[in-house]
Structure formats: structure tokens, C-alpha cells
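# Working through the structure, step by step
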Amino acid sequence: KMQAYHHGRFTRNIRYLLGIDQTKHARTIYNAARPMLVLGGVSDNEIAFLQRARGPYAKTQLVWSWLSDFIIREHMAGSMGK
């Protein structure tokens, strides 16, 4: 995180308020410093699909679709209980 935010706290807050807080490179470093753990991991195909999706809303919709499919499959298999 410190590589992404090399400015002081005051400067960082002002930049945030002005909407110029992160460059693309700083955002990449920050996101790499705090990976999101996924139960069961993420396959190479899933990573490829997420990289091809354009924009954050498309990525969110793609993951939501995967989660919905998983829940439906588990429910249909009867593994969610009575």
C-alpha cells in the first residue's frame, strides 16, 4: 500500500477529495497488495473472462452470474439442507 500511496496523509486526503487520488499504476499496486481470497480459488479461465470483461459493472455482473449458478446448482443437488 505504501508504494501506491507515497504521499502523506494530508496530501492523500486532499487528492481523494479532488478525485485525483490514484493513477492507474498506483491502483494496480494497491489492489495487488490486498488480494481478495476466494473459497476454492479462481481458475485460469475465470481470470481470463474477468480480464476480457469491460468495466467494473460487467465484471460484477459476471461474478454475480457465477455465484447465482453455483447457488442454484447446490440447491438443486440438495446440499443446502431442508
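Scroll up a little and you will see the structure.
On a predicted model such as this, the values are computed, not experimentally measured, just so you know.

Along the backbone of the protein there are 4 helices and 0 strands. When the helices and strands of the protein are listed from N to C terminus, the series reads α-α-α-α. Its C-alpha radius of gyration of 18 Å places the protein more than 25% over the 12 Å reference for a compact globule of 82 residues. Expressed along its principal axes, the backbone C-alpha trace of the protein runs to roughly 55 × 30 × 20 Å. Scored against the burial criterion, the 82 residues of the protein give a buried share of 7%. For the protein, the exposed surface amounts to about 7,600 Å²; the carbon and sulfur share of it is 61%. Side chains of the protein give 12 positive and 5 negative charges; the mean places of these two sets differ by 12 Å.

Right, let's get into the environment of Arg27. Its place among the elements puts Arg27 in helix α2 (residues 24-33). Its relative accessible area of 39% is what places Arg27 among the partly exposed residues. With 30 residues separating them along the chain, Arg27 and Tyr57 place their C-alpha atoms 17 Å apart.

Here the focus is the packing of helix α3 (residues 44-52) against helix α4 (residues 56-77). One can describe the packing of α3 onto α4 by two numbers: an axis separation of 9 Å at closest approach and a directional angle of 145°. In terms of crossing hand, the pair formed by α3 and α4 is right-handed. The segment α3 lies against α4, with Glu46, Phe49, Leu50 and Gln51 engaging Lys59, Leu62, Val63 and Trp66. Across the contact of α3 with α4, the residue classes tally to 5 nonpolar, 1 polar and 2 charged.

Basis of the calculations
- Residues numbered from 1 in each chain as written.
- Predicted model: local features only at pLDDT ≥ 70, side-chain atom pairs only at ≥ 80, totals over all residues.
- Heavy atoms only, no water.
- Helix = DSSP H or I, 4+ residues; strand = E, 2+ residues; numbered from the N terminus.
- Rg over C-alpha atoms; globule rule 2.2 N^0.38 Å.
- Buried < 20%, exposed > 50% of the residue type's maximum accessible area, 1.4 Å probe, protein only.
- Areas by Shrake-Rupley, 256 points an atom, 1.4 Å probe, with all protein chains shown as cover.
- Lys, Arg positive; Asp, Glu negative; His and termini not counted.
- Charge placed at Lys NZ, Arg CZ, Asp CG, Glu CD.
- Axes fitted to C-alpha atoms, helices over the stretch in contact; angles between N-to-C directions.
- Left-handed = near helix turned anticlockwise from the far one by under 90°.
- Contact = heavy atoms within 4.5 Å.
- Nonpolar A, V, L, I, M, F, W, Y, C, P; charged D, E, K, R; others polar.

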